Amino acid sequence: MYAAYHAANNNTQGQPTVVLVKTVKGYGMGKAGEGKNTVHQTKKLSDEDIKYIRDRFSIPIPDSELPKIPFYKPADDTPEMKYLHERRKALGGYLPHRRTKADESFTVPSLEAFKSVMEPTAEGREISTTQAYVRFLTQLLRDQALGPRVVPILVDEARTFGMEGLFRQIGIYNPKGQMYTPVDKDQVMYYREDKAGQILQEGINEAGGMASWIAAATSYSTSNRIMVPFFVYYSMFGFQRIGDLAWAAGDMQARGFLLGGTSGRTTLNGEGLQHEDGHSHILAGTIPNCISYDPTFAHEVGVILHHGLKRMVEKQDNVYYYLTLLNENYAMPGLKPGTEEQIIKGMYLLEEGAKKTPRVNLLGSGTILRESMEAKKLLEADWGVAAKVWSCPSFNELARDGQDCERWNLLHPTEKARVSFVAQQLDKHTG
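Residues numbered from 1 in each chain as written. Predicted model: local features only at pLDDT ≥ 70, side-chain atom pairs only at ≥ 80, totals over all residues. Heavy atoms only, no water.

Chemist: Would you mind showing me how to read the pattern of salt bridges here?
Modeler: Think of it this way: side chains of opposite charge can pair up when their charged atoms draw near. Applying the stated rule across the entire model yields 17 salt bridges. Across the salt bridge formed by Glu-34 and Arg-56, the nearest N and O atoms sit 2.6 Å from each other. Placement of Glu-34 in the loop between α1 (2–11) and α2 (47–56) and of Arg-56 in helix α2 is noted, with a sequence separation of 22 residues between them. You can call Glu-34 partly exposed: its relative accessible area is 25%. Owing to a relative accessible area of 32%, Arg-56 belongs among the partly exposed residues under this scheme. The partner of Arg-241 in a salt bridge is Glu-206, with the nearest N and O atoms 3.0 Å apart. Of this pair, Arg-241 sits in helix α9 (residues 239–251) while Glu-206 sits in helix α7 (residues 206–217), and the two are 35 residues apart along the sequence. Each of Arg-54, Asp-55 and Asp-63 takes part in salt bridges that share partners, so that together they form one network. (Salt bridge = Lys/Arg side-chain N within 4 Å of Asp/Glu carboxyl O. Helix = DSSP H or I, 4+ residues; strand = E, 2+ residues; numbered from the N terminus. Buried < 20%, exposed > 50% of the residue type's maximum accessible area, 1.4 Å probe, protein only.)

Chemist: Looking at this structure, I do not really get empty space enclosed by the protein. What am I missing?
Modeler: To locate leftover empty space, one rolls a probe as large as a water molecule over the atoms. One pass over the structure, following the stated rule, counts two cavities of 30 Å³ or more. Of the voids in this model, the largest cavity is the one considered here, and its volume is about 80 Å³. The wall of the largest cavity is formed by Ala-216, Ala-217, Tyr-220, Ile-226, Met-227, Val-228, Pro-229, Arg-255, Gly-256, Phe-257, Met-312 and Val-313. The set of elements that each furnish at least two residues to the lining of the largest cavity consists of α7, β5 (228–234) and α11 (298–314). Grouping the constituent residues of the lining of the largest cavity by class yields 10 nonpolar, one polar and one charged. One number sums up the size of the second largest cavity: a volume of about 30 Å³. Taken together, Met-210, Tyr-233, Gly-238, Phe-239, Ile-242, Ala-246 and Leu-258 make up the full set of residues lining the second largest cavity. With three residues, the top contributor of residues to the lining of the second largest cavity is α9. (1 Å grid on protein atoms, 1.4 Å probe; cavity = no way out; pocket = protein on both sides within 12 Å on 5 of 7 lines; lining within 4 Å. Points joined across faces, edges and corners; volume = space filled by probe spheres on them. Nonpolar A, V, L, I, M, F, W, Y, C, P; charged D, E, K, R; others polar.)

Chemist: How do you make sense of helix α5 (residues 129–141) when you look at a structure like this?
Modeler: With 13 residues, α5 ought to run about 18 Å at 1.5 Å a step, and its terminal C-alpha atoms sit 18 Å apart, in line with that. Every buried residue belonging to α5 is among Thr-129, Thr-130, Ala-132, Tyr-133, Val-134, Phe-136, Leu-137, Thr-138, Leu-140 and Leu-141, and all of these are buried. (Expected span 1.5 Å × (residues − 1).)

Chemist: Please clarify how the packing of α7 against α9 should be interpreted in this entry.
Modeler: Packed helices, taken two at a time, are described by their axes: the angle between them and the distance between them. Running from amino to carboxyl end, α7 crosses α9 at an angle of 10°, the nearest separation of the two axes being 10 Å. In terms of orientation, α7 and α9 fall into the roughly parallel class. In this structure, α7 contributes Glu-206, Ala-207, Met-210, Trp-213 and Ile-214 to the contact, and α9 contributes Arg-241, Ile-242, Leu-245, Ala-246 and Ala-249. Residue composition of the contact of α7 with α9, by class: eight nonpolar, no polar and two charged. (Axes fitted to C-alpha atoms, helices over the stretch in contact; angles between N-to-C directions. Parallel < 35°, antiparallel > 145°, perpendicular 65-115°, else oblique. Contact = heavy atoms within 4.5 Å.)

Chemist: Sorry, what's going on with the environment of Val-39 here?
Modeler: Mapped onto the secondary structure, Val-39 falls in the loop between α1 and α2. On the basis of relative accessibility, which here comes to 12%, the residue Val-39 falls in the buried class. Excluding anything up to four places from it in sequence, Val-39 contacts Lys-25, Gly-26, Met-29 and Gly-33.

Chemist: Sorry, what's going on with unusual backbone geometry here?
Modeler: Trans is the common state for peptide bonds, and a negative phi is the common state for residues other than glycine. For the peptide bond that leads from Thr-357 to Pro-358, omega is -5°, which places it in the cis range. Along the chain, Pro-358 falls in the loop between β9 (348–351) and β10 (359–364). Although it is not a glycine, Ile-69 adopts a positive phi angle of roughly 45°. For Ile-69, the location among the structural elements is in the loop between α2 and α3 (79–90). One non-glycine residue with positive phi stands out, namely Gln-253, at about 60°. As for its position among the elements, Gln-253 is in the loop between α9 and β6 (257–261).

Okay, structure coming up:
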């Protein structure tokens, strides 16, 4: 097999090569099953069959020992054993071993470095959370230490996500360089491929993009090199299509960012329901080390991405982050100092209510939060009901915290009960 592949790879130029592998079912079994379709049904070999196999492969076991079907191990000085030991040493030892932390270390830039994402939008200016993500990523790419370790991964629609500017800035990776003339060559931000490119553009292939993301997200272990992959895709086409790979990523202790764009009840309805993702967070919540967020505002995106970098790059925690991003443009309120930790835990007070009764608390995330803000106006103007609006960037993290508290309280009945973060936030507010 190796010789055939080596010949195909080295002796053929400028045309495809096919290696036809002709195999024999039940090879080595003789009349007991070699070349017979019935070999799958063979439950037991006769003594004669076992003798035939022993003789055919020159296994030095006497007839008297054959009924025991003993294991056979060649002597250490035989060519076979020498070869096996050499290969094991070359592969790094006799037992599988994974590196839990990379030997290198990085310091993540301060939150202040991402000021353009944290501040309110200018008067009359509107952006989407997808644009906020791109701003954050662009700023991170400029960091001298971490910038070269960033791996932006795209499968489709770079322009939908507003990432075409990166083509000019860092290029699309192609080990052979630009080999075709792109149809958008007349544009400033054309599909520029480069041997030193940094973007992985996988075509319309979510599974391929996810495979590349996993490779970069586990590089700290396999190659002792910390990488920071950002895989952005239409949110409907993530956990719903490649949930098995998302689970495998958790299993492999991957570290990186998955970003589901045009999520929620999106305004992009041109292709029917294919972008109506209302459930990827439910699927993300089933993976224990996937930390998921559904932010509404630019500053939330910035705080969450920054916190993810601190955890995965500085602390080398074995988690990965999933964020859903929106394509709708609106004014951004900016970060209210002191709410950073609450954003990460999953819930903070966004708007106070009028001083009247009755009172209600409205909770929302992603696309629905802005409808909650409109509902507050209706309640107060039309029905005299005071409403406070809470932004909940992660109902999943809130649920996990509540479950952790319940479990701890169940197992420690004589100790002071722990209070969930939801309860801590809401207990101080009537309604």
